[in-house]
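# Results of the structural survey
Chain by chain, the residues:
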Amino acid sequence: MNTVVAITGASGIIYGIRLLEELEGEKELIITETAKRILQAETAYTVAEVEELADKVYHQDELFAPMASGSHRFQAMVICPCSESTLAKVSLGIADNLVTRAAAVCIKEHRKLIVVPRETPQSAMMLRNSLRLAENGVVVLPACPGFYPKPGSVEEMVDFVVGKILDQMGQPHELFRRWGE
Ligand SMILES: Cc1cc2nc3c(=O)[nH]c(=O)nc-3n(C[C@H](O)[C@H](O)[C@H](O)COP(=O)(O)O)c2cc1C
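The following paragraphs examine the structure supplied in this document. Owing to the predicted nature of the structure, the values given are computational and were not obtained by experimental measurement. (Residues numbered from 1 in each chain as written. Predicted model: local features only at pLDDT ≥ 70, side-chain atom pairs only at ≥ 80, totals over all residues. Heavy atoms only, no water.)

Around the ligand, the structure places 13 residues, and the nearest of them are Gly9, Thr32, Ser83, Glu84 and Thr86. Thr86 is positioned such that a nitrogen or oxygen atom in its side chain is 2.5 Å from an oxygen atom of the ligand. Glu119 is positioned such that a nitrogen or oxygen atom in its side chain is 3.4 Å from a nitrogen atom of the ligand. Across the complex, the protein chains shield 63% of the 650 Å² of accessible surface that the ligand would expose by itself. Secondary structure elements with two or more residues in the shell around the ligand: helix H2 (33–42) and helix H4 (84–92). Ranked by residue count, the leading element in the shell around the ligand is H4, at three residues. (Near = heavy atom within 4 Å. Polar contact = N/O pair within 3.5 Å; in protein donor to acceptor, adjacent residues only side chain to side chain. Areas by Shrake-Rupley, 256 points an atom, 1.4 Å probe, with all protein chains shown as cover. Helix = DSSP H or I, 4+ residues; strand = E, 2+ residues; numbered from the N terminus.)

Spatially, six strands are ordered E3-E2-E1-E4-E5-E6 in an open sheet, and the strand pairing comes out parallel. Strands with a single pairing partner mark the edges of an open sheet, and in this sheet they are strand E3 (56–58) and strand E6 (139–140). Alignment of strand E4 (residues 76–82) against strand E5 (residues 112–117), held across five bridges, turns out to be parallel. Opposite Ala76, over in E5, you have Lys112 as the bridge partner. On the sheet, H4 packs against E4 and E5 and is oriented at approximately 140 degrees with respect to E4. (Pairing = 2+ DSSP bridges. Contact = heavy atoms within 4.5 Å. Axes fitted to C-alpha atoms, helices over the stretch in contact; angles between N-to-C directions.)

What follows deals with the packing of H4 against helix H5 (residues 98–108). It is at 9 Å that the axes of H4 and H5 come closest, and there the two elements cross at 40 degrees. With respect to H5, the axis of H4 lies oblique. Where H4 crosses over H5, the two elements pack in a sense that is right-handed. Contacts between H4 and H5 involve Thr86, Lys89 and Val90 on the former and, on the latter, Val99, Thr100, Ala103 and Ile107. Of the residues belonging to the contact of H4 with H5, the class tally is four nonpolar, two polar and one charged. (Parallel < 35°, antiparallel > 145°, perpendicular 65-115°, else oblique. Left-handed = near helix turned anticlockwise from the far one by under 90°. Nonpolar A, V, L, I, M, F, W, Y, C, P; charged D, E, K, R; others polar.)

A separate point is the pairing of strand E2 (residues 26–31). Most of E2 sits out of view: five of its six residues are buried. Sheet topology note: the strand E1 (residues 2–7)/E2 ladder contains six bridges and is parallel. Residue pairing for E2: Asn2 is matched across the bridge by Glu26. Both E2 and E3 contribute to a ladder of three bridges, which runs parallel. Within the sheet, the bridge partner assigned to Glu28 lies in E3 and is Lys56. (Buried < 20%, exposed > 50% of the residue type's maximum accessible area, 1.4 Å probe, protein only.)

We now examine the packing of aromatic side chains. Here a ring pair, both rings aromatic, is described through the centre-centre distance and the interplanar angle of the planes. Evaluation of the coordinates by the stated rule reveals three aromatic pairs. Relative to Phe160, the ring of Tyr148 lies with its centre 5.7 Å away and its plane at 85 degrees, an arrangement referred to as edge-to-face. Taken as a pair, Tyr148 in the loop between E6 and helix H7 (154–169) and Phe160 in helix H7 lie far apart in primary sequence, twelve residues in all. A relative accessible area of 37% means that Tyr148 is categorised as partly exposed. Where Tyr148 meets Trp179, the ring centres are 6.0 Å apart and the plane angle is 85 degrees; that geometry is what we call edge-to-face. Note that Tyr148 is positioned in the loop between E6 and H7 and Trp179 in the segment after H7, a separation of 31 residues in sequence. Taken together, the ring pairs connect Tyr148, Phe160, Phe176 and Trp179 into an aromatic cluster. (Phe/Tyr/Trp six-rings, centres within 6.5 Å; stacked < 30°, edge-to-face > 60°.)

Written out as C-alpha cells, the structure reads:
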C-alpha cells in the first residue's frame, strides 16, 4: 500500500508531519516550496528531517515523476495541509505541478483523495471549490480538531485531525479517545 502525501503552503504543517509519522505503508512525499518556508516559520523541523519520514521524495516541479501518470499504482493521496490555492486548482482540474497533477490522477482514476484545508474564514469561492471536490468523490477534511476528547495539549489536537485522516484511510489507530469509549 503506497500513499502519496503532499504538504502544501498552509499553516498547520505539523499536521502533515504527524501524518507522515503515523501513516503505515510506503509514502511518496511532495513538499511545495511555500510549505518548506512555512515549515521553517512554524516548526522546529528541518525540511531534511521531514523528508526522512518518507520512502521517496519528489519536487513539486517533477512532472515526469511516477505519480503524474495514472499507470503508476498508488492507493491514495492526502494533501495535508492543503492550501486554498492548491485546493482551488485541484477543484478546477488545473494540473500545473506534481501535487495538482497527482490529485487530478486520483480523481480521474477514482482513487481516494483526501484534502485537509486550513483557512478561516472561508469565502463563497472557497466553499464552492470544496463543494466541487466533494461532488467528485474527494474527502474534504478541514483541520478542525474536536474538543469532546478533552485535549490537554496542542499535540492532542493535532493528533485528533491526523486520526480522522487515518480513519478515512481505514488504518486503525489510538490517536484520540472516541466518543462513548
Ligand atoms: C506564513 C504563511 C501562512 C499561510 N497560511 C495559509 C493557510 O493557512 N491557508 C491557505 O490556504 N494559504 C495560506 N498561505 C498562502 C499560501 O501559502 C499561498 O497561497 C501559496 O501560493 C500556496 O502554494 P502551494 O499550494 O503551492 O503550496 C500562507 C502563506 C504564508 C506565507
